[in-house]
Every structure is written in structure tokens, then in C-alpha cells.
Amino acid sequence: MKYNNIISTITGGINIITINRPKQLNALNKETISELSKEISISNSNPSIRCIILTGSGDKAFVAGADIKEFVSFTKSEGKKLAREGQKLLFDKLSNLETPTIAAINGFALGGGLELAMSCHLRIAVQHAKLGLPEVSLGVIPGYGGTQRLPALIGKGNAMEMILTGDIISADKALELGLINQVVAAEKLLEATIILAKRLMKNSPNSIKNAIKAINASDSSLKGFKEENLQFSLCFGTTDFKEGVAAFLEKRKPEF
Ligand code: DAK
């Protein structure tokens, strides 16, 4: 299938999907979310594909977040609807996918970008990767499952610190916290990700699918995701939201 924002390369039973908007640091706009959703569904229904790798083009960013320029004018109800749709189309779909998924984090994984990586089953990052959920600095909160998936991975205290400070952390710190599974040298990222993929692919696809379901059953309740969606939507249209987004667009620090 031909896409505008992603590239799919299938090799040895692995679909390597590259988000390809390097000038915008691979920020997720609506079209990219929709293309990723389509390609992931196609892969999942193809039994010869035994693993999906998600990565970003270039060496600067995996994904620098949801496309801020696109959501700047959203109202509360649009924000709520779009977050709910995005969750269903991409983030929840990935997290509950039967085919195992690995995020190969080649640079910045911020906001929606880190939420995308956390929706994958495993994560490998390059040494220079930077990870964070800086949404509160924009006057919003993580809206694609970050408030639920981050505490599940690194514990509530660490997640509180990362989300409330909006701090961006190094790959080594992310490894220490359990946010990622491996750190590798930049030139080894693809090779190391394929080695990890092959370690999964030698096992029973049926058991992998059942294990993913069982592990995910312990995830935070649906109530948490619903509350995130509500609190996220309440940020839209506020003075803080307008200031946060304006500051980003004007390349200055926000004043709350
Ligand atoms: N969205 C749109 N454009 C982005 C972007 C983003 N998230 N991140 C970077 N870019 C663009 C920049 O605007 C710039 O474009 P031009 O000015 O050249 O046109 C280009 O990419 C290069 O970026 P910089 O010039 O800023 O590059 P630097 O090396 O100076 O800085 C950086 C790199 C990653 C530190 C910086 O770009 C940055 O701080 N980016 C934003 C990071 C961030 O705050 N990400 C979190 C976004 S909040 C929603 C659902 C979920 C969400 C929102 C809505 N709905 C359903 C409504 C989630 C929100 C987020 O993800």
C-alpha cells in the first residue's frame, strides 16, 4: 500500500514501519495515525509477519509528539473525540495486538511519541535518545494512554515525577527505570532490534498472542483511561493551553 507519511519494509517475516516526517521530527498528525493504524492491521492479519518494528526516519527523532500545529485550534469536545479515536485506532490497537511489536527509538520520543513507544510490547533506544512526557509544559496532559502506561512500566512515584515535571530523560536513565529494554549504539539499532525480534519469532506465535493477552489483563483499569480522556479534554481551550501552545509555536518558554 502507498502511504504519504510512513514506509513499510518487510524482511524475513518482520515488518519495519518507519514514520517518515523528518522535517517535523516525525510528529504524529491525523493522517500518520490513520496510516499506521491501517498498516498495523494489515500486518496483524498476515500470518507470515511475525513481528512489527516501529521506528522514525532520520537520526534525530523517533516521534517528537502529537503534531502541535494540528491540535492548536481544538476545542474541548474535539480534543476528547480525537484522543478517544487515536487511542482506539493506534495506541490501544498496538498494545493489544497479537503480533509482537518493538519500538526502535532512534532519537526524541516525546509526548505522543513516548506514548506510541509505550504502546509497543518492547522498546530499544539509541544512546542519544531523549524520552519524556512534556505535555504539562504545553498546558495539556498525556492523552494517548501515557498516564496509565507509564506508571505500569516504571511505578507510580517515578511516573508522577516524569509527568508532573515534564522532564526529559536520557536513554540510560530510561533503562534504569525499566521504561526501555535495551540501549544500543546508534549504528546498531536496527541490527539489535532484529536480533530481539528473532528471539521472539522462534517461539510459538499462538503462545506469544496468549501471553500478550494475559500480561495486558493486569494493566490499569478502563476507568483510568476514561479519566485520562476526560482530564485531557478539560485542558483544551483553557488560558494555559493557549499560552503553552503559543509559546511552542513562537519558540519561547511559556509563562503560566
Ligand atoms: N509537533 C509539530 N511540529 C513539531 C513538533 C511537534 N510535536 N516537534 C517538533 N516540531 C517541528 C518544529 O516546529 C520545527 O518545525 P519548523 O519550525 O522548522 O517548521 C521542526 O519540527 C524542528 O524542530 P525544532 O526546530 O524545535 O528542533 P530543535 O532541535 O530545536 O528541538 C525538540 C527539538 C524535540 C526539543 C523540539 O522540537 C520540541 O520541544 N518539540 C516538541 C516536543 C513536545 O513538546 N512534544 C510533546 C507534544 S504534546 C491529542 C492527543 C495527544 C496529544 C495531543 C493532542 N489530540 C487527540 C487532540 C499529545 C500531545 C503531545 O504529544
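Engineer: Lay out the pairing of strand β5 (residues 101-105) with the relevant residues and their values.
Structural biologist: Along β5, five of the five residues are buried, which leaves the element largely enclosed by surrounding structure. Of the two faces of β5, the one carrying T101, A103 and I105 and the one carrying I102 and A104 are both buried. Pairing between strand β3 (residues 51-56) and β5: four bridges, direction parallel. Each residue of the ladder has a partner; that of I52, found in β5, is T101. Bridging between β5 and strand β7 (residues 122-126) involves four bridges; their strand directions are parallel. Bridging from a neighbouring strand, A103 pairs with R123 of β7.

Engineer: Tell me about the sheet that holds strand β4 (residues 61-63), and name the residues and values.
Structural biologist: Overall, mixed pairing links the four strands, which are arranged β4-β6-β8-β9 in an open sheet. Every other strand in the sheet has two partners, leaving β4 and β9 (168-170) as the edge strands with one partner each. In this sheet, adjacent strand axes meet at a mean angle of 20° when their direction is disregarded. Both β4 and strand β6 (residues 108-110) contribute to a ladder of two bridges, which runs parallel. Bridge pairing in β6 links V63 to A109.

Criteria and thresholds
Residue numbers restart at each chain and count upward from 1, following the sequence in its written direction. Only residues with pLDDT of 70 or above have their local features reported here, since the model is predicted, and side-chain atom pairs are shown and tallied only from 80 upward, although totals for entire chains, interfaces and linings are computed over all residues. As a rule here, side-chain values cover all heavy atoms of the structure and leave hydrogens and water aside. Accessibility here uses a 1.4 Å probe with only protein chains present; expressed as a share of the type maximum, an area under 20% marks a residue as buried, one over 50% as exposed, and anything in between as partly exposed. Counting from the N terminus, the helices are DSSP H or I runs at least four residues long and the strands are E runs at least two residues long. Any two strands with at least two DSSP bridges between them are considered paired. With axes taken as lines fitted to C-alpha atoms, and helix axes fitted only over the stretch in contact, angles between N-to-C directions fall between 0 and 180 degrees.

Taken by themselves, the reported measurements are silent on function.
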